[in-house]
Amino acid sequence: MSTCCPGAPMLAPGERWVCGRHATEDDRALVEDLDRRGPSVGLAPSPRRRRGEWAQALDWPYDGPRRYLGVRRDMVAWAEARGLRLWDGCWCLCWVRDGVCREDHGGCRPAWLDHVTCWTGADGLRLLVAHPYVPFSATAGLHGLGVAVARQGWHPGALQVEISSGVST
């Protein structure tokens, strides 16, 4: 499937970037549904929204969900199914482990962390989700934190690595 506009980036096969001019009624209905559901998983109104901008009512994390409706849909469904809320703060392993960020980041941000989002859940669960494009070691510097790896997460074309504070997700 191609994108709707020349020069629009492709994320993965079957995923397309959609501009307001070329959005279908289904695209518009999906955006409306996700704008309604997004705050329940911690998405805030977008401070970057400009007048007339289509599909940017919420502050989606990084370019995948900002640009691609399928990634938004999958991210919201994933968070809803696990009872998680997006947390807007420092993404480091010390936050997952200790609940606070040391701010010096001496070894608490492995190089393979990419497309990181922070999530909180019931019983104090803290979770980092990364979608690295490079190999990583599940034991490199994680200091006893829980690690789960999925071949495909809500970000197409990348592994989904979940690093948790030890509470099962």
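Look up: the structure comes first, before these words.
Asks: Please set out the side chain of Ser164 residue by residue, giving values where relevant.
Replies: Residue position: Ser164 is located in strand 5 (residues 160–164). Here Ser164 is in contact with Val96, Leu125, Arg126, Leu127, Leu145 and Gly146, once residues within four sequence places are set aside.

Asks: Before we move on, could you go through the packing of helix 1 (residues 25–37) against helix 3 (residues 69–82) and cite the residues and values that matter?
Replies: Between two packed helices, the angle of one axis relative to the other and the distance separating the axes together describe the packing. The contact between helix 1 and helix 3 brings their axes to 10 Å, and the two run at 35°. Between helix 1 and helix 3 lies a crossing whose hand is left-handed. Counting all contacts with helix 1, which are made through Asp27, Leu30, Val31, Leu34 and Arg37, the residues of helix 3 involved are Leu69, Arg72, Arg73, Val76, Ala77 and Glu80. Taken together, the residues that form the contact of helix 1 with helix 3 break down as 6 nonpolar, no polar and 5 charged.

Asks: Talk me through the environment of Asp59; I want residue IDs and the actual numbers.
Replies: Inspection of the secondary structure puts Asp59 in the loop between helix 1 and helix 2 (63–67). Each C-alpha atom of the pair Asp59 and Arg48 lies 7.7 Å from the other, and the pair is 11 residues apart in sequence. Asp59 has contacts with Leu43, Ala44, Pro45, Ser46, Pro47 and Arg48, leaving out every residue within four places of it along the chain.

Asks: A description of the pairing of strand 5 should follow, citing residues and the corresponding values.
Replies: Strand 5 sits mainly inside the fold: 5 of its 5 residues count as buried. Burial along strand 5 is two-sided: the residues Gln160, Glu162 and Ser164 and Val161 and Ile163 are all buried. Sheet analysis places strand 4 (residues 146–150) next to strand 5, joined by 5 bridges and oriented antiparallel. Looking across to strand 5, one finds that Ala150 is bridged to Gln160.

Asks: How would you sum up helix 1? Please name residues and give values.
Replies: The terminal C-alpha atoms of helix 1, which comprises 13 residues, lie 18 Å apart, in line with the 18 Å expected from a rise of 1.5 Å per residue. For helix 1, the set of buried residues is Asp27, Leu30, Val31, Leu34 and Arg37. In a view along the axis of helix 1, the buried residues occupy a sector of 135°, so they form one face of it. Seen from the buried face of helix 1, the exposed residues on the opposite side, beyond 90 degrees, are Glu25, Glu32 and Arg36. Packed against the buried residues of helix 1 are helix 3.

Asks: Can you explain the sheet that holds strand 5? Please cite residues and give values.
Replies: In space, the 5 strands of this open sheet follow the order 1-2-3-5-4, with antiparallel pairing throughout. Whereas interior strands pair on both sides, the edge strands pair on one side only; in this sheet they are strand 1 (85–87) and strand 4. Looking at each pair of strands side by side, their axes are set apart by 30° on average, direction ignored. Examined bridge by bridge, strand 3 (residues 126–130) and strand 5 share 4 bridges and lie antiparallel to one another. In the strand pairing of strand 5, Leu127 is matched with Ser164.

Asks: Residue-level account of helix 3, with values.
Replies: Taking 1.5 Å per residue, 14 residues should reach 20 Å; helix 3 reaches 20 Å between its end C-alpha atoms and fits that length. Turning to helix 3, its buried residues are Leu69, Gly70, Val71, Arg72, Met75, Val76, Trp78 and Ala79. On its buried side, helix 3 packs onto helix 1, helix 2, strand 2 (117–120), strand 3 and strand 5.

Criteria and cut-off values
Going along each chain's sequence as written, the residues are numbered from 1 onward. A pLDDT threshold of at least 70 governs which residues receive local features in this predicted model, and a stricter bar of 80 or more applies before side-chain atom pairs are shown or counted, although totals over entire chains, interfaces and linings include all residues. Side-chain figures throughout are based on the complete set of non-hydrogen atoms in the structure, without hydrogens or water. Counting from the N terminus, the helices are the DSSP runs of H or I reaching at least four residues and the strands are the DSSP runs of E reaching at least two. Residues count as neighbours in contact if any of their non-hydrogen atoms are within 4.5 Å of one another. For every element, the axis is a line fit to its C-alpha atoms; helices are fit only across the contacting stretch, and the angle between N-to-C directions ranges from 0 to 180 degrees. Note: crossing handedness is left-handed where the near helix turns anticlockwise from the far helix by less than a right angle, and right-handed where it turns clockwise. Classes in brief: Ala, Val, Leu, Ile, Met, Phe, Trp, Tyr, Cys and Pro nonpolar; Asp, Glu, Lys and Arg charged; the others, Gly included, polar. Summary of the burial criterion: residues with accessible area below 20% of their type's maximum are buried, those above 50% are exposed, and those between are partly exposed, where the area comes from a 1.4 Å probe applied to protein chains only. A pair of strands counts as paired when DSSP detects no fewer than two bridges linking them. Take the residue count of a helix, subtract one, and multiply by 1.5 Å to get its expected span. In this context, the arc is that of the directions from the helix axis out to the C-beta atoms.

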